[in-house]
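# Geometric and topological summary
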Amino acid sequence: MGKLDGKVAFITGAARGQGRAHALRLAQEGADIIAVDLARQIDTVPYAMATPDDLAETVRQVEALDRRIVARQADVRDYDGLKEAVDAGVAELGRIDIVSANAGIFSSAVAEELTDEAWNDMIAVNLTGVWHTAKAAIPHLRAAGGGSIVITSSTAGLKGHANFVHYVASKHGVVGIMRSLANELAADNIRVNTVHPTGVDTDMIQNETLYNLFMPDLPEQERTRENFGARMGAMNALPVPWIEAVDISNAVLWLASDEARYVTGVCLPVDAGQTQK
């Protein structure tokens, strides 16, 4: 028997990266999945975002685990469209017990050069999108008699970083959402927590923009994955350059499971000790 048998998990940003890893890990423990992803590009995001083919691959992998999945393209910035996707998933799968508010973007600029467009996109996806995700799911969690909301923040939700103030602001902001909802929803047996990863080995960090940001002193031909790993590793206490998406998925699984039935209002770092340095 799995830890999540009979449960349904709603996951945003599920087409690849951490979102796909969460879908697979929760499905391995018995959950059926409602998966949404924008699956198209945002102009201010400097790396290639997920595609409809990526979302289809998440569907394929979840179904290979003999679990049901309802997948829709939806934009977390658009509440009505997101709610429609969520409601369609519930109509087919019957309920929501778990929410993984995972969808997020990254970009960088020194503060005085950060454009309003980049700021607004970041806040709309990473902060307002989390609020929309929770708002769309709360009635279904109440109908199910309770559940768990897990919001993906970052070490940047616990400390400041230079050159991406908008990202840091968004990731601090979701902690405020979490703490407020943990109080507001406790009487309905709905637990709300955040996870705070260090760098995770996905397309969000493995791209030319991040390489240039972390290695401006190196010639372009030396801005490699290996040298980037050395820079990233210096930020962590444990001797690793980054962690794997499944490491965050395991934390999401624990927070979603009955093993964490009395855990709410918690910021859980999965950060290789980065916030201790």
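Residues numbered from 1 in each chain as written. Predicted model: local features only at pLDDT ≥ 70, side-chain atom pairs only at ≥ 80, totals over all residues. Heavy atoms only, no water.

Going by the annotation in an unreviewed UniProt entry, the name recorded for the protein chain is Mycofactocin-coupled SDR family oxidoreductase, with Microbacterium awajiense given as the source organism. UniProt, in its Sequence similarities (unreviewed entry) section for the protein chain, records the words "Belongs to the short-chain dehydrogenases/reductases (SDR) family." (UniProt positions renumbered as here; feature names shortened; annotations may be inferred.)

What follows deals with the pairing of strand S6 (residues 190-197). Among the eight residues that make up S6, eight are buried, leaving the element largely enclosed by the rest of the structure. You can see the chain leave strand S5 (residues 147-152), run along helix H5 (residues 165-184) and come back into S6, and the turn it takes is right-handed. Where S6 meets strand S7 (residues 267-270), four bridges bridge the pair, whose relative direction is parallel. The residue of S7 that forms the bridge with Val195 is Leu268. (Buried < 20%, exposed > 50% of the residue type's maximum accessible area, 1.4 Å probe, protein only. Helix = DSSP H or I, 4+ residues; strand = E, 2+ residues; numbered from the N terminus. Right-handed = clockwise from strand over helix to strand, strands pointing away. Pairing = 2+ DSSP bridges.)

In space, the seven strands of this open sheet follow the order S3-S2-S1-S4-S5-S6-S7, with parallel pairing throughout. Each edge of the open sheet is held by one strand with a lone partner, namely strand S3 (69-73) and S7. Direction aside, the axes of adjacent strands within the sheet are offset by 15 degrees on average. Taken together, the five bridges between strand S1 (residues 8-12) and strand S2 (residues 32-37) define a ladder with parallel strand orientation. Pairing of Phe10 across the sheet is with Ile34, part of S2. Its contacts with the sheet place helix H4 (residues 116-143) against S1, strand S4 (98-101), S5 and S6, and it is angled at close to 180 degrees to S4. (Axes fitted to C-alpha atoms, helices over the stretch in contact; angles between N-to-C directions. Contact = heavy atoms within 4.5 Å.)

Next up on the list: the packing of aromatic side chains. A full pass over the atoms with the stated rule returns six aromatic pairs. Judged by centre distance (5.0 Å) and plane angle (75 degrees), the rings of Phe106 and Tyr167 are edge-to-face. Note that Phe106 is positioned in the loop between S4 and H4 and Tyr167 in helix H5, a separation of 61 residues in sequence. When its relative accessible area of 9% is taken as the criterion, Tyr167 is described as buried. Taking the centre distance of 6.0 Å and the plane angle of 70 degrees together, the rings of Phe164 and Tyr167 count as edge-to-face. Aromatic ring contacts, followed pair by pair, group Tyr211, Phe214, Phe228 and Trp242 into a single cluster. For Lys135, the ring lying beneath its charged end belongs to Tyr79, and the centroid distance is 4.7 Å. (Phe/Tyr/Trp six-rings, centres within 6.5 Å; stacked < 30°, edge-to-face > 60°. Lys NZ or Arg CZ within 6 Å of the ring centre and 35° of its normal.)

Let us look at the pattern of salt bridges. For the structure shown, the criterion picks out 14 salt bridges. Residue Asp97 pairs with Arg95 through a salt bridge whose shortest N-O separation is 2.7 Å. A relative accessible area of 4% means that Asp97 is categorised as buried. Using a relative accessible area of 33% as the deciding quantity, one classes Arg95 as partly exposed. Two residues, Arg225 and Asp201, come together in a salt bridge whose shortest N-O distance is 2.8 Å. Separated by 24 residues along the polypeptide, Arg225 in helix H7 (residues 225-233) and Asp201 in the loop between S6 and helix H6 (208-214) bring together distant segments of the chain. Bridged by salt links that share partners, the residues Arg40, Asp75, Arg77 and Asp121 form one connected network. (Salt bridge = Lys/Arg side-chain N within 4 Å of Asp/Glu carboxyl O.)

Moving on, we get to the pairing of S3. Pairing between S2 and S3: five bridges, direction parallel. Looking at the pairing, Ile33 lines up with Ile69 of S3. Each parallel crossover has a hand, and for S2 linked through helix H2 (residues 52-64) to S3 it is right-handed.

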